[in-house]
Amino acid sequence: MTPGAQNLAGAEGGAFARRLNDRIANEVVAAYRERIRAFATLPLSQPEAAAEELERSVREHCFVG
């Protein structure tokens, strides 16, 4: 099993995905804005939470998917 938000139960997966996406945006993408675009990490075992996090990541951080 690979580590990731999809392996965490309940709200823990959504919270993990949010923290990770914020960190990617604020530390990695921000440092290399002209070179790096990001895809969101999503809690796929929770479809509603995944859809919300995808929308937030695209809207707030300009992730490409």
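The structure under discussion appears in the preceding block.
Please read all numbers here as calculations on a predicted model, not as lab measurements. (Residues numbered from 1 in each chain as written. Predicted model: local features only at pLDDT ≥ 70, side-chain atom pairs only at ≥ 80, totals over all residues. Heavy atoms only, no water.)

Engineer: Is there a simple way to explain the overall build of the protein in this structure?
Structural biologist: Helix and strand content of the protein: two helices and zero strands. Rg of the C-alpha trace for the protein: 12 Å, near the compact-globule value of 11 Å for 65 residues, within the 12% margin. A principal-axis box enclosing the C-alpha atoms of the protein has dimensions of 35 × 25 × 15 Å. Contacts in the protein between residues at least 24 apart in sequence constitute 62% of all its contacts with a sequence separation of at least 6. Of the charged side chains in the protein, 8 are positive and 9 negative; the average position of the first set lies 7 Å away from that of the second. (Helix = DSSP H or I, 4+ residues; strand = E, 2+ residues; numbered from the N terminus. Rg over C-alpha atoms; globule rule 2.2 N^0.38 Å. Contact = heavy atoms within 4.5 Å. Lys, Arg positive; Asp, Glu negative; His and termini not counted. Charge placed at Lys NZ, Arg CZ, Asp CG, Glu CD.)

Engineer: Sorry if this is basic, but what is going on with the pattern of salt bridges here?
Structural biologist: Side-chain pairs of opposite charge can arise whenever the charged atoms involved come near each other. For the structure on display, the rule yields five salt bridges. Between Arg 56 and Asp 22 there is a salt bridge; the shortest N-O distance is 2.8 Å. Linking Arg 56 in helix α2 (residues 47–61) with Asp 22 in helix α1 (residues 11–29), this pair joins segments that are 34 residues apart in sequence. Residue Arg 56 is classed as buried on the basis of its relative accessible area, which comes to 5%. Asp 22 gets classed as partly exposed once you look at its relative accessible area, which sits at 21%. Across the pair Glu 53 and Arg 56 runs a salt bridge whose closest N-O atoms are separated by 2.9 Å. Of the two residues, Glu 53 and Arg 56 are both situated in helix α2; the distance of three residues between them amounts to about one turn of the helix. (Salt bridge = Lys/Arg side-chain N within 4 Å of Asp/Glu carboxyl O. Buried < 20%, exposed > 50% of the residue type's maximum accessible area, 1.4 Å probe, protein only.)

Engineer: Looking at this structure, I do not really get the nonpolar core. What am I missing?
Structural biologist: It is characteristic of soluble globular proteins that their nonpolar side chains tend to be buried jointly. Counting residues in hydrophobic clusters, the biggest one holds seven residues: Ala 25, Val 29, Ala 38, Ala 40, Leu 42, Ala 50 and Phe 63. In this structure Leu 42 touches Ala 5, Gln 6, Ala 17, Ala 50, Glu 53 and Leu 54, once residues within four positions along its chain are discounted. (Core = buried A, V, L, I, M, F, W, Y, C linked by side-chain atoms within 4.5 Å.)

Engineer: It is not clear to me how α1 should be interpreted in this structure. Could you clarify?
Structural biologist: Note: α-helices contain 3.6 residues per turn, so residues at a spacing of three or four share the same orientation. Helix length check: α1, at 19 residues, gives a terminal C-alpha distance of 26 Å against a target of 27 Å (1.5 Å per residue), a fit within 8%. Considered for burial, the residues of α1 that qualify are Gly 13, Ala 17, Asn 21, Ala 25 and Val 29. Buried residues of α1, seen end-on, are gathered within an arc of 95 degrees and therefore sit on one face of the element. Residues of α1 that are exposed and point more than 90 degrees away from the buried face comprise Ala 11, Arg 19, Arg 23 and Asn 26. Among the structural elements, α2 are those in contact with the buried residues of α1. (Expected span 1.5 Å × (residues − 1). Arc of directions from axis to C-beta.)

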